[in-house]
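One letter stands for each residue in the lines below.
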Amino acid sequence: MSDPLDFTGKVVLVTGSSRGIGAEMIKAFGAHGAQCVVNYVADAQGQNKTDAANVAKELDEPLVIECDVTQPAQVEAMMKQIQDRHGGLDVLVNNSGIIGDRTIRKMSLEDFELPRFCAAAAGSSACHP
């Protein structure tokens, strides 16, 4: 029986993997043999880039990509980078999120809309080699 946690040769992208749960997930995939893609969104202080670089130091030849997953053009560019380097993507973990500090009654419909990452990635040739 094969090891269900063996990701050797699999290309894994965890969005928002510069820190927190995303960072821990991508490191776990890396520890189990995955070719890892670390994703972060730019911030004014550059902290996310620094955090992504620190996560990358714990991985074997990671691909680190700045991408705001709410921007379809950036998602397409990210998927092209993954396609060019690895030939496609095997595992996608949509971890990116925005914390809204308000009660559900105060949230609008737009607050509930997920980034259009799934739709953009699903249409990408990197996901469908």
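Structure report, in brief.

1. Here's the deal with the overall build of the protein chain
Thought 1: Helix and strand content of the protein chain: five helices and four strands.
Thought 2: Each helix and strand of the protein chain, ordered N terminal to C terminal, gives the series β-α-β-α-β-α-β-α-α.
Thought 3: For the protein chain, the residues scored as buried account for 33% of the 129 residues in total.
Thought 4: Once local pairs closer than 6 in sequence are excluded, the contacts in the protein chain between residues at least 24 apart make up 66%.
Thought 5: For the protein chain, the exposed area adds up to about 8,100 Å²; of that, 54% sits on carbon and sulfur atoms.

2. Brief notes about the nonpolar core
Thought 1: The biggest cluster of nonpolar side chains holds 14 residues, and the ones touching the most others in it are Ile26 and Phe29.
Thought 2: Among the elements of the structure, β1 (11–14), α1 (20–31), β2 (35–40) and α2 (47–56) are those that each provide at least two residues to this core.
Thought 3: Excluding its chain neighbours within four sequence positions, the residues that come into contact with Ile26 are Val12, Val14, Ser17, Cys36, Val37, Val38, Val55 and Leu59.

3. Quick word on the pattern of salt bridges
Thought 1: For the structure on display, the rule yields four salt bridges.
Thought 2: In this structure, Arg19 engages Asp51 in a salt bridge whose closest nitrogen and oxygen atoms are separated by 3.5 Å. One end of the pair, Arg19, is in the loop between β1 and α1; the other, Asp51, is in helix α2, and 32 residues separate them in sequence.
Thought 3: By relative accessible area, Asp51 is classed as buried at 16%.
Thought 4: Across the pair Glu24 and Lys27 runs a salt bridge, and its minimum N-O distance is 3.1 Å. On the criterion of helical spacing, the pair formed by Glu24 and Lys27 is a turn pair, its members being three residues apart in helix α1.
Thought 5: The network of salt bridges with shared partners includes Glu24, Lys27 and Glu58.

Conventions used here
- Residues numbered from 1 in each chain as written.
- Predicted model: local features only at pLDDT ≥ 70, side-chain atom pairs only at ≥ 80, totals over all residues.
- Heavy atoms only, no water.
- Helix = DSSP H or I, 4+ residues; strand = E, 2+ residues; numbered from the N terminus.
- Buried < 20%, exposed > 50% of the residue type's maximum accessible area, 1.4 Å probe, protein only.
- Contact = heavy atoms within 4.5 Å.
- Areas by Shrake-Rupley, 256 points an atom, 1.4 Å probe, with all protein chains shown as cover.
- Core = buried A, V, L, I, M, F, W, Y, C linked by side-chain atoms within 4.5 Å.
- Salt bridge = Lys/Arg side-chain N within 4 Å of Asp/Glu carboxyl O.

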